[in-house]
Every structure is written in structure tokens, then in C-alpha cells.
Amino acid sequence: MVRPGTGAGEDELAYLRTDREFRNVLLVELPDGDFAVLIAKLLFLSAFQHLNYAVLAGGTGQLAEIAAKTVKESAYHLDHATQWTLRLGDGTTLSHQRMQAAVDEVWPYTYELFEDVPELRAPWLSTVDGVLTEATLTRPADTADSWKPTGGRSGRHTEALSYLLAELQVLHRAYPGASW
Amino acid sequence: MTPYAAAASVVDPELPLVTIAELGILREVTEDPGGRVTVSITPTYSGCPALDAIRADIATALTRAGYHDVEVRTHLSPPWSTDQITAAGREKLAAAGIAPPGPVLLQIRPRCPVCGSPDTEELSRFGSTACKALWRCRTCAEPFDAVKPL
Ligand SMILES: [Zn+2]
């Protein structure tokens, strides 16, 4: 398996890993066909990243340096997603319906974000709740039998990742070592 | 030409009117007794596609100035901020019709680079590049790019 620290370069990691070797959460591989879904994904992810990178930035070494830079950028992403969520949720009847449908569709995938850092879910909910409320949207209820898709961190992905990789890796696979 | 002057003459590929020194991207240039030059730069945004071009341009500029043993290092700490853009850099941006960023902590609206009016509004969070936003002047109606405070 190609993993960081094994001497594999950026190209090997990006272009030559198979779907089972990717460690991303399922949320980020979901298709972007619907703009409201794209915004819901960005809102939930950036709210998480902003909290997660703030914690990592308090550590030491290169990881902390990368995190310190990323805190500032994720704050911007969160603000961007917030503005769009407000505009769509508190917009027209149609935009409200579609934004609510997107929130409902994406919500189950947010549980996976907190599997390793459960303590971040309360502050994350506080951020997300504030935005959804202001956008006149309803947060899906947490119930004991809520569907919580998972597996991305251990390499078990949705079929959406395979389509992404096919598109992004095809050139490098057809022309190994290609540069331009 | 000193190695610093050579490196400082490199311009940003996406904002070719300002140098990397004026943008605060160039952090340090050192030359050891053996003539080896080490240039330290910092990325504006972590995914900035201009960084590879900047790295290559620095090596070219130093080679032209007679320095053949050059290493370009990237440093992330402390993170870059638009507050590090110099006064000369801000003046050049404004003169080119791009509103320079205000102090990060103040979060004030950019002034119109055409008429100077403070009565401006944001049209889009993303302008001609990811590091700029699209704004419009309510006084003279001119749309303009503004560098985002970061
Ligand atoms: Zn104006």
C-alpha cells in the first residue's frame, strides 16, 4: 500500500492509488451535480475543518504549521458556504426546498467526520445550527437508528469515488510519467 | 546585483505588476561562503498554482545575476497574511485598478480604485483569481477586483 512516509511521491499518491487506498471521508466524494448539495457539503466540511485544524495548529512541527495556515483558509470557506446557505435557504420557495433537500441528503455523511474526534461534534453543531436556523432550514433529527454511512477512513468508499478517480487518473495511467 | 535584489525582482505570475518582495512572499535570502544561495518563500494560499512558477522564476533570476548554486525553500510559518503586502505593493495594486486589502482585523470595505469612493459592495466572493473578490462601486458603478484580506 502506498502511504505517506513510504517514499512515494505526490504523483504516486494522487494518480496511482486505487479507491481502496484512499482515506478520505465519504462526504467529500459525493457527486457535485446539484449546487445546493455542493454548498451543504462545503458548509458541513468547512465547519468541521475549521475546528479540527485549530486543534492541530496547537501542536508542534510541520503538521501544526500546515494547520495554522489552513485555519485561515477554512474560515473563508466556511464564510462562503454560510453566505450561500443563507441565500438559498432564505431565498425563494424553490431555493429553500432544494437547500433543505440537500441538507437532508448530506446530513447522514457528517457523522463520519467525528469518529476520531467526537469532542468536536458539539461545537460543530453549534456553528451549523446557527447557520441553518438563520437560513430558515431545519436540522435533521439525531435518532438512535439514524443512518450513518462510514468506511472512507478505512478505504471502503461509495461508487462516486471510482468515477472521480477514473476521470482524474486516466491520463497518468495511459501515459505513465506524463508531464506538460 | 546582490542575491536578494535578484530574487526580489521576480514578479507574481498572477499579479505581474507587483514583485514577490512587495507581496511579502519573499522571506529571506542568504548566501554562504561557498556561494550557495538559499531563498525562503512562503505561499499566499496553500493551493496557489503560482508557487511553482515563482520558484522557477527565482532560480532563473539568480542564474542571470550570476548565482548558479540556488536552493528555494518554502516556509509555512508564520502563515502569510495580506498585512505583509508592502506600502509600495499596495500603491501599485491600486494604480492598476485592483483594490488593495485593508488590515485583516478591521474587515473594512475596499475603496473604489477608480474614484476612491468608500461606498462599495461585494458582487462575488471570487474574482479573476481565487485570492481576489469581485466588487462594485456604488458611486461610479465601476466593477473591480479586490485582494481579499487574509
Ligand atoms: Zn468608483
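Participant: Explain the sheet that holds strand S5 (residues 120-124) of chain B to me, please; I cannot follow it from the model alone.
Facilitator: The strands making up a sheet are joined through hydrogen bonds of the backbone, oriented either antiparallel or parallel. All names here are of chain B. Spatially, the 4 strands line up as an open sheet ordered S4-S7-S6-S5, and their pairing is mixed. Each edge of the sheet is formed by a strand with only one pairing partner; in this case those strands are strand S4 (98-99) and S5. Strand direction decides the pairing type here: strand S6 (residues 132-137) and strand S7 (residues 143-147), joined by 5 bridges, are antiparallel. Considered in S7, the bridge of Leu134 is made with Asp145.

Participant: Would you explain the domain arrangement of chain B in this entry?
Facilitator: By a widely used convention, the size of an interface equals the accessible area lost when the partners come together. Residues and elements named next belong to chain B. Under the domain assignment used here, chain B contains domain 1 (3-74) and domain 2 (95-147). Once you take the C-alpha centre of each, domain 1 and domain 2 turn out to be 28 Å apart. Facing 4 residues of domain 1, the contacting portion of domain 2 comprises 5 residues. At the boundary of domain 1 with domain 2, total buried surface from both sides reaches about 380 Å², with 81% on carbon and sulfur atoms. On the domain 1 side of the contact with domain 2, Glu14, Leu15 and Tyr45 bury the most area, a combined 79% of that side's loss. Across the contact surface, domain 1 and domain 2 share 0 salt bridges. The interface formed by domain 1 and domain 2 includes 0 residue pairs in polar contact (both at pLDDT 80 or more). Here the residues of the side of domain 1 that touches domain 2 are counted per class, giving 3 nonpolar, no polar and 1 charged.

Participant: What am I meant to see in the coordination of the zinc ion here?
Facilitator: Around a metal, the idealised angle for a tetrahedral arrangement of four donor atoms is 109.5 degrees; for an octahedral arrangement of six donor atoms it is 90 or 180 degrees. Residues and elements named next belong to chain B. For the zinc ion, the full set of protein donor atoms is Cys112 (SG), Cys115 (SG), Cys137 (SG) and Cys140 (SG), at a range of 2.3 to 2.4 Å. Because the angles between the 4 donor atoms bound to the zinc ion fall within 105 to 116°, the donor set is best described as tetrahedral. Donor residues for the zinc ion, ordered by position in the chain, follow C-x2-C-x21-C-x2-C. Of this pair, Cys112 sits in the loop between S4 and S5 while Cys137 sits in strand S6; the two residues are 25 residues apart in sequence, bridging distant segments of the chain. Under the relative-accessibility criterion, Cys112 is labelled buried at 3%.

Participant: Sorry if this is basic, but what is going on with the side chain of Asn52 of chain A here?
Facilitator: Residue and element names in this part refer to chain A. Residue position: Asn52 is located in helix H2 (residues 35-57). The class of Asn52 is buried, set by a relative accessible area of 19%. Beyond its immediate sequence surroundings of up to four residues, Asn52 is in contact with Val117 and Leu120.

Participant: Would you mind going over the sheet that holds strand S3 (residues 70-74) of chain B with me for this structure?
Facilitator: Residue and element names in this part refer to chain B. The mixed open sheet is built from 3 strands, whose spatial order is S1-S2-S3. The sheet is open, and its two edges are formed by strand S1 (26-31) and S3, each paired on a single side. If you compare each strand with its neighbour and ignore which way they point, the axes differ by 15° on average. Across 5 bridges, the pairing between S1 and strand S2 (residues 37-41) is antiparallel. Counterpart to Val29 in the pairing with S2 is Val39. Taken strand by strand, helix H2 (residues 50-64) contacts S2 and S3, and its axis lies near 150° from that of S2.

Cut-off values and rules
- Residues numbered from 1 in each chain as written.
- Chains lettered and ligands numbered in written order.
- Predicted model: local features only at pLDDT ≥ 70, side-chain atom pairs only at ≥ 80, totals over all residues.
- Heavy atoms only, no water.
- Pairing = 2+ DSSP bridges.
- Helix = DSSP H or I, 4+ residues; strand = E, 2+ residues; numbered from the N terminus.
- Domains from an automatic or database assignment.
- Contact = heavy atoms within 4.5 Å.
- Buried area = accessible area lost by both parts, 1.4 Å probe.
- Salt bridge = Lys/Arg side-chain N within 4 Å of Asp/Glu carboxyl O.
- Polar contact = N/O pair within 3.5 Å; in protein donor to acceptor, adjacent residues only side chain to side chain.
- Nonpolar A, V, L, I, M, F, W, Y, C, P; charged D, E, K, R; others polar.
- Donors = N, O, S within 2.8 Å, 3.2 Å for Na, K, Ca; no water.
- Tetrahedral: all angles 85-135°; square planar, octahedral: opposite > 155°, others 65-115°.
- Buried < 20%, exposed > 50% of the residue type's maximum accessible area, 1.4 Å probe, protein only.
- Axes fitted to C-alpha atoms, helices over the stretch in contact; angles between N-to-C directions.

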